[in-house]
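The primary structure of each chain is shown beneath.
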Amino acid sequence: MAQQRASALRGVSLGLLFPSSSPFLVLRVQRDNLIRSALTQLSSEDAVNLKKPLKVVFEGEEGIDEGGVAKEFFQLLIKEMFD
């Protein structure tokens, strides 16, 4: 039992120290500079992180991405690319 607790504690500690162990790729973008901010962040990610499910955060805005924020991101991205 003590060994299981220690193992769980190590896992939590590592998760706090190394946020890249998150199960999601969190993309933090600026609305006024959408394409550049997205590409800048994505270009610095490794292949393992690029395969994770995507969560999007618009900088300076509150909101939890339950799918709606990512959908809005892709809608704005497509609009900006083709305008």
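Above this text you will find the structure in question.
Each chain carries its own residue numbering, running from 1 in the written order of its sequence. Per-residue local features are limited, in this predicted model, to residues with pLDDT of at least 70; the limit for side-chain atom pairs, both in listing and counting, is 80 or more; totals at the level of whole chains, interfaces and linings are taken over all residues. Side-chain calculation: all heavy atoms of the structure are included, whereas hydrogens and water are not.

Draft legend 1. Molecular detail of the overall build of the protein. Scanning the protein from N- to C-terminus turns up four helices and two strands. What counts as a helix is a DSSP run of H or I of at least four residues, what counts as a strand is a run of E of at least two, and both are numbered from the N terminus. Put simply, the protein runs from its N terminus to its C terminus through helices and strands in the order α-β-α-α-β-α. When the 83 residues of the protein are sorted by exposure, 19% land in the buried category. By definition in these notes, contact holds between two residues if any of their heavy atoms fall within 4.5 Å. Summarising the internal contacts of the protein: among those between residues at least 6 apart in sequence, 64% fall at separations of at least 24. Three labels apply to residues, based on accessible area from a 1.4 Å probe with only protein chains included: buried if under 20% of the type maximum, exposed if over 50%, partly exposed otherwise in between.

Draft legend 2. View of the nonpolar core. With 10 residues, the main nonpolar core is built from Leu27, Val29, Leu34, Ala38, Val56, Phe58, Val69, Ala70, Phe73 and Leu77. Here the element with the most residues in this core is helix H4 (residues 68-82); it accounts for four residues. In contact with Val69, not counting residues within four places along its chain, are Val56, Phe58 and Ile64. In plain words, nonpolar cores are sets of buried Ala, Val, Leu, Ile, Met, Phe, Trp, Tyr and Cys residues tied together by side-chain atoms within 4.5 Å.

Draft legend 3. Quick peek at the pairing of strand S1 (residues 25-29). Only one face of S1 is covered, namely the one carrying Leu25, Leu27 and Val29; the face carrying Val26 and Arg28 has none of its residues buried. Inspection of the sheet shows S1 paired to strand S2 (residues 54-58) by five bridges, in the parallel sense. Residue Leu25 lies in a different strand from S2, and its bridge partner there is Leu54. By definition, two strands form a pair when at least two bridges between them are found by DSSP.

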